[in-house]
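Coordinate inspection notes
So you can see what is in the structure, the chains are spelled out below.
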Amino acid sequence: MRASVGSRHLSGAERIIPIEKLEDTAHEFVARALGKGSLPDRIVLGVDALSAGSLIALKALDLVTLTVQGVSESREAALKTLEMAGVSEKAVEDAMRLISTGAALSGENMRGAMIMDARTGERLEPDRERGVRASRFDWTEPASNRIDLLLADAGLTHFRTKEALALATKVAHAPAMVAELCWSDDPDYTAGYVASIRTGYVRFPFLKEYGDPRGGRAFFVNGDALNTDALIEYLQKAAVRIAEAGTCRSAGDAHELFRLIKHDAQADMQGA
Ligand code: WAQ
Ligand code: MG
């Protein structure tokens, strides 16, 4: 669903559902489009059939929140987390600079993500104004109910957290993906995250200052293994359902954070 007034985007949403839920979901989406304050003058509902065999089932990344308030301390810990995932310091610095100043060619926020070489920081997305948008991901109903409980226990009840965790889980499993860095472009929403298979979803409540309208996403990739067309096809078109929740924990300082995610990465390697 996409709702707009003139050329201004008002709201949008997407689900992957069994066909029995189609009428209810269409109803819910129209209600959502009408409930956003300003009245849309255009609502677009699109429905695509997906064959059951094409659905990819994934387990959600484990989530850890670093509960510190300082932006520079959080960005420093985000840098170290990205380094643990295999991203170079230069690539992280380039990404943070671009996201905090407007990564689009025009100097605005992008609607989608940058694709960056994890070693050199070189930008690889074909459209540097819009970026690449990940779509076609959703929770199965049991996993959705389970993650709602776990997130609520952790005090994380904002819809953005659940949605970002699903997006990050899909993105982390993309071909040639190394890690992702994100923070919101909403001036009131200061949280951001680093995500990768190795580190899980590492959440930072203050990755930018309150009131800052800049935000964005960087997908860091292994340039040697990259097939850009295959990557973009996966991000935009592969239908991913998160069928199992991961854990939700918190760390009081960076040392505890790195201990937790290092321990997890080693346990995964031994389990593999
Ligand atoms: N695919 C790729 N990039 C996207 C997408 C997408 N589907 N949607 C947004 N972006 C990019 C775009 O550059 C936006 O400016 C930027 O990401 C931020 O988007 O509590 O709310 O929707 O743990 O503002 C992260 C922390 C919140 C969540 C992310 O992003 C938490 C958020 P927003
Ligand atoms: Mg936003």
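Thresholds, definitions, all that
- Residues numbered from 1 in each chain as written.
- Chains lettered and ligands numbered in written order.
- Predicted model: local features only at pLDDT ≥ 70, side-chain atom pairs only at ≥ 80, totals over all residues.
- Heavy atoms only, no water.
- Patch = residues over 30% accessible without salt bridge, like charges linked within 9 Å, V, L, I, M, F, W, Y side chains within 5 Å.
- Areas by Shrake-Rupley, 256 points an atom, 1.4 Å probe, with all protein chains shown as cover.
- Salt bridge = Lys/Arg side-chain N within 4 Å of Asp/Glu carboxyl O.
- Lys, Arg positive; Asp, Glu negative; His and termini not counted.
- Charge placed at Lys NZ, Arg CZ, Asp CG, Glu CD.
- Helix = DSSP H or I, 4+ residues; strand = E, 2+ residues; numbered from the N terminus.
- Buried < 20%, exposed > 50% of the residue type's maximum accessible area, 1.4 Å probe, protein only.
- Contact = heavy atoms within 4.5 Å.
- Phe/Tyr/Trp six-rings, centres within 6.5 Å; stacked < 30°, edge-to-face > 60°.
- Lys NZ or Arg CZ within 6 Å of the ring centre and 35° of its normal.
- Core = buried A, V, L, I, M, F, W, Y, C linked by side-chain atoms within 4.5 Å.
- Pairing = 2+ DSSP bridges.
- Axes fitted to C-alpha atoms, helices over the stretch in contact; angles between N-to-C directions.
- Parallel < 35°, antiparallel > 145°, perpendicular 65-115°, else oblique.
- Left-handed = near helix turned anticlockwise from the far one by under 90°.
- Nonpolar A, V, L, I, M, F, W, Y, C, P; charged D, E, K, R; others polar.
- 1 Å grid on protein atoms, 1.4 Å probe; cavity = no way out; pocket = protein on both sides within 12 Å on 5 of 7 lines; lining within 4 Å.
- Points joined across faces, edges and corners; volume = space filled by probe spheres on them.

Things to note about a positive patch on the surface
On the surface, Arg2, Arg42, Arg111, Arg130 and Arg133 cluster together to form a positively charged patch. Here Arg133 lies in the loop between strand E6 (114–117) and strand E7 (137–139). Classification of Arg133 by relative accessible area gives partly exposed; the value is 36%.

Digging into the side chain of Thr161
Relative to the helices and strands, Thr161 is located in helix H5 (residues 159–172). The residues touching Thr161, leaving out its near neighbours within four places in the chain, are Leu63, Leu151, Leu156, Tyr189, Tyr201 and Arg203.

Thoughts on the packing of aromatic side chains
The tally for this structure, following the rule as stated, stands at 1 aromatic pair. Both rings, one in Tyr193 and one in Tyr201, keep their centres 4.4 Å apart while their planes meet at 25 degrees; by these two values the pair is stacked. Just as Tyr193 is buried, Tyr201 falls in that class too. Over the face of the ring belonging to Tyr189 we find Arg160, whose NZ or CZ atom lies 5.3 Å from the ring centre. Lying over the aromatic face of Tyr234, Lys170 brings its terminal NZ or CZ to 5.2 Å of the ring centre.

A closer look at the nonpolar core
Counting 39 residues, the largest nonpolar core has Trp139, Ile147, Tyr193, Tyr201 and Leu235 as its most contacted members. With 7 residues, H5 is the single largest residue contributor to this core. Filtering out sequence-adjacent residues up to four positions away, Ile147 remains in contact with Trp139, Lys162, Leu165, Ala245 and Cys248. Listed in part, the 35 residues of the second largest apolar core include Val68, Ala91, Ala118 and Ile261.

As for the sheet that holds E7
Strand-to-strand pairing in sheets goes through backbone hydrogen bonds, with the strands running parallel or antiparallel. Read from one edge of the open sheet, 3 strands run E4-E12-E7, paired in parallel fashion. Either end of the sheet is taken by a strand with one partner, and the two such strands are strand E4 (56–59) and E7. The sheet shows a mean angle of 35 degrees between the axes of neighbouring strands, taken without regard to direction. Sheet topology note: the E4/strand E12 (residues 240–244) ladder contains 4 bridges and is parallel. Note on E12: the bridge partner recorded for Leu58 is Ile242.

A few points about the packing of helix H2 (residues 71–85) against helix H3 (residues 89–101)
Here H2 crosses H3 at 135 degrees, and the two axes come no closer than 9 Å. In terms of axis orientation, H2 runs oblique to H3. Like other packed secondary-structure pairs, H2 and H3 cross with a definite hand, here right-handed. Taking contact as the criterion, the partners of Arg75, Ala78, Leu79, Leu82 and Glu83 in H2 are, on H3, Glu89, Val92, Met96 and Ser100. Tallied by class, residues from the contact of H2 with H3 come to 5 nonpolar, 1 polar and 3 charged.

Here's the deal with the pairing of strand E8 (residues 177–183)
With respect to burial, E8 is a largely interior element, 7 of its 7 residues being buried. Bridge count between E8 and strand E11 (residues 216–221): 6 bridges; the pairing is antiparallel. Looking at E11, one finds that Cys182 is bridged to Arg217. Sheet topology note: the E8/strand E9 (residues 192–196) ladder contains 4 bridges and is antiparallel.

What about the layout of surface pockets?
Approximately 240 Å³ is the volume found for the second largest pocket. Along the walls of the second largest pocket sit 14 residues, with Ala60, Leu61, Asp62, Ile197 and Asp268 positioned nearest its centre. Residues of the lining of the second largest pocket, tallied by class, amount to 5 nonpolar, 3 polar and 6 charged.

Some details on the pattern of salt bridges
Scanning the entire structure with this criterion turns up 11 salt bridges. The closest approach of N and O atoms between Arg123 and Glu125, which form a salt bridge, is 2.7 Å. Pair check on accessibility: Arg123 and Glu125 agree, each one buried. A salt bridge links Arg160 to Asp186, with the shortest nitrogen-to-oxygen separation between them at 2.9 Å. Of this pair, Arg160 sits in helix H5 while Asp186 sits in the loop between E8 and E9, and the two are 26 residues apart along the sequence. Relative accessible area serves as the criterion here: at 27%, Arg160 is assigned to the partly exposed category.

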